[in-house]
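# Summary of the model geometry
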Amino acid sequence: MATKDPTAVERANLLNMAKLSIKGLIESALSFGRTLDSDYPPLQQFFVVMEHCLKHGLKVRKSFLSYNKTIWGPLELVEKLYPEAEEIGASVRDLPGLKTPLGRARAWLRLALMQKKMADYLRCLIIQRDLLSEFYEYHALMMEEEGAVIVGLLVGLNVIDANLCVKGEDLDSQVGVIDFSMYLKNEEDIGNKERNVQIAAILDQKNYVEELNRQLNTVSSLHSRVDSLEKSNTKLIEELAIAKNNIIKLQEENHQLRSENKLILMKTQQHLEVTKVDVETELQTYKHSRQGLDEMYNEARRQLRDESQLRQGSEDGLKEKNEIIARLEEKTNKITAAMRQLEQRLQQAEKAQMEAEDEDEKYLQECLSKSDSLQKQISQKEKQLVQLETDLKIEKEWRQTLQEDLQKEKDALSHLRNETQQIISLKKEFLNLQDENQQLKKIYHEQEQALQELGNKLSESKLKIEDIKEANKALQGLVWLKDKEATHCKLCEKEFSLSKRKHHCRNCGEIFCNACSDNELPLPSSPKPVRVCDSCHALLIQRCSSNLP
């Protein structure tokens, strides 16, 4: 007989294990009815089987320190062949807790299963056999038809939803051992299906209650958030009112300063006009006075010249002329002094006018600067007002959306509460059914015990048929009570049931329970011991003892 190739046998065994693992995982996941996590035993065994399949026929690669045999090399090759796999490769390399290539390969398999892309990734890998030959021997599972069959089976895993925590799991030090007991069904597993269904229902209720608690926590957080938003909204409204009051005050102050500026400008212009009129009047007066003095001076010189020509007229006339000249000179000096005073007053008036103009210009500049600063403050406050109004509008819209969300959450909460009440009532019914089940089980055990006892008694009765026949012959003269006529024991008066059976006394013919007729004595009609009641037993014993010498 030709021996089979050991590698072919290994491939066939791995293929069969993969079929059992994938089939069991899909069936258990569909019956489980929920998202699978890392602690689910069929899922753990699936990853172990896949790891053995990927390791079959893997070439040993010599490194600097030791020999390395890992499946991370061919899996890392997938992202070069399948562009969508770059994300999963980068995610695996970014995981901080992974230190070995085997740990990264295990994380890659888990992420591929969650993405429902494991079949696609491995299909593009087994097609490129020239690239796989760098990592696998020619007889490896991934290089033969068994690999293509396993990849085809992996498509069925797309119906499974898994949520696996890869980041906190120790994938480097796990030992991958296949547990064959999961695939060997026994009577206990078949009998525990109902128990698993009940456990699944209880777990569903537990998850539902946890989800309900999470919804309640979300609603409470939304309440607190709405309260904080209401407080911030109130604060913004107060700040907006304060800003509006400040803007109104600044506008009033600006209006007051503008009115004061206008009034000061009017007063300054009036003062300048009055000063100008006074200066012009004094200037005209000075001009007229100077003109009159010039005329008088010219007249005096003319007279002096005339008098000088007539000086030889007489000495008296000369003296008189001298006096006139002296008076004219004195008058000229007075006029000159008056003209100097008028010139000084004119200079003082011009200087006062220039100082008043400078002061008016300075004050005007100060008013303009104050007006500009006030205008800037007003524009800044108006911007702040616009910003506050925008923020208030956003807050109102946000509050409105939150109120709508809160109303939705309240509706969902009321719906969940109704469902919770239904679940509580269903739970009560379930507990009642469990109690009824326990009672029925108890009755079943009692009836089974009674039937067992009845079977034992029947077996005993078969052995004593002849004795009963002989006893019947002896008791033909007695009244044999019928079973239907007796409902209670003759001695203890307890009601008969399945566990408390009826027994005839072979001496008196009455019906008793087992406890009151558990005696055997030989009767004159039957040399073998037969069943008698406690009363007959005591009576017969007493007779036997009295007959003894």
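Reading the values: the criteria
Residues numbered from 1 in each chain as written. Predicted model: local features only at pLDDT ≥ 70, side-chain atom pairs only at ≥ 80, totals over all residues. Heavy atoms only, no water. Helix = DSSP H or I, 4+ residues; strand = E, 2+ residues; numbered from the N terminus. Buried < 20%, exposed > 50% of the residue type's maximum accessible area, 1.4 Å probe, protein only. Areas by Shrake-Rupley, 256 points an atom, 1.4 Å probe, with all protein chains shown as cover. Phe/Tyr/Trp six-rings, centres within 6.5 Å; stacked < 30°, edge-to-face > 60°. Expected span 1.5 Å × (residues − 1). Salt bridge = Lys/Arg side-chain N within 4 Å of Asp/Glu carboxyl O. Axes fitted to C-alpha atoms, helices over the stretch in contact; angles between N-to-C directions. Parallel < 35°, antiparallel > 145°, perpendicular 65-115°, else oblique. Left-handed = near helix turned anticlockwise from the far one by under 90°. Contact = heavy atoms within 4.5 Å.

Another point: the overall build of the chain. For the chain, the count of helices and strands is 14 helices and 6 strands. Residues counted as buried form 28% of the 549 residues belonging to the chain. Accessible area for the chain stands at about 37,600 Å²; split by element, carbon and sulfur atoms hold 52% of it.

This part takes up the packing of aromatic side chains. Going through the model one piece at a time under the given rule, you end up with 3 aromatic pairs. Note on Phe-46 and Phe-47: the rings are 5.5 Å apart at their centroids and 55° apart in plane angle, and the pair reads as tilted. Overall, Phe-47 belongs to the buried group, its relative accessible area being 5%. For the ring pair Tyr-82 and Tyr-121, a centre distance of 5.3 Å and an interplane angle of 75° mean the geometry is edge-to-face. Residue Tyr-82 is located in the loop between α4 (78–81) and α5 (86–94), and its partner Tyr-121 is located in helix α7 (residues 118–127); the two are separated by 39 residues in the primary sequence.

So, about helix α1 (residues 6–32). With 27 residues, α1 extends 38 Å from end C-alpha to end C-alpha; this agrees with the ideal 39 Å at 1.5 Å per step. Taken together, the buried positions of α1 are Thr-7, Arg-11, Leu-14, Leu-15, Met-17, Ala-18, Ser-21, Ile-22, Leu-25, Ile-26, Ser-28 and Ala-29. Of the residues one or two after α1, Gly-33 is the one with positive phi, at around 75°.

In this section: the pattern of salt bridges. Enumeration over the complete set of coordinates arrives at 10 salt bridges. Note that Arg-106 and Glu-51 form a salt bridge whose closest N and O atoms lie 3.0 Å from each other. Pair noted here: Arg-106 is in helix α6 (residues 101–115) and Glu-51 is in helix α2 (residues 41–55), with a separation of 55 residues, a long-range link. For the pair shown, Arg-106 and Glu-51 are each scored as buried. Each member of the salt-bridge network shares a partner with another, and the members are Glu-51, Lys-55 and Arg-106.

Turning our attention to the packing of α7 against helix α9 (residues 145–154). Packing of α7 against α9 leaves a shortest axis separation of 8 Å and a crossing angle of 160°. Judged on the interaxial angle alone, α9 and α7 are roughly antiparallel. As for the relative orientation of α7 and α9, their crossing is left-handed in sense. Counting all contacts with α7, which are made through Met-118, Ala-119, Leu-122, Arg-123 and Ile-126, the residues of α9 involved are Gly-147, Ala-148, Val-151 and Leu-154.

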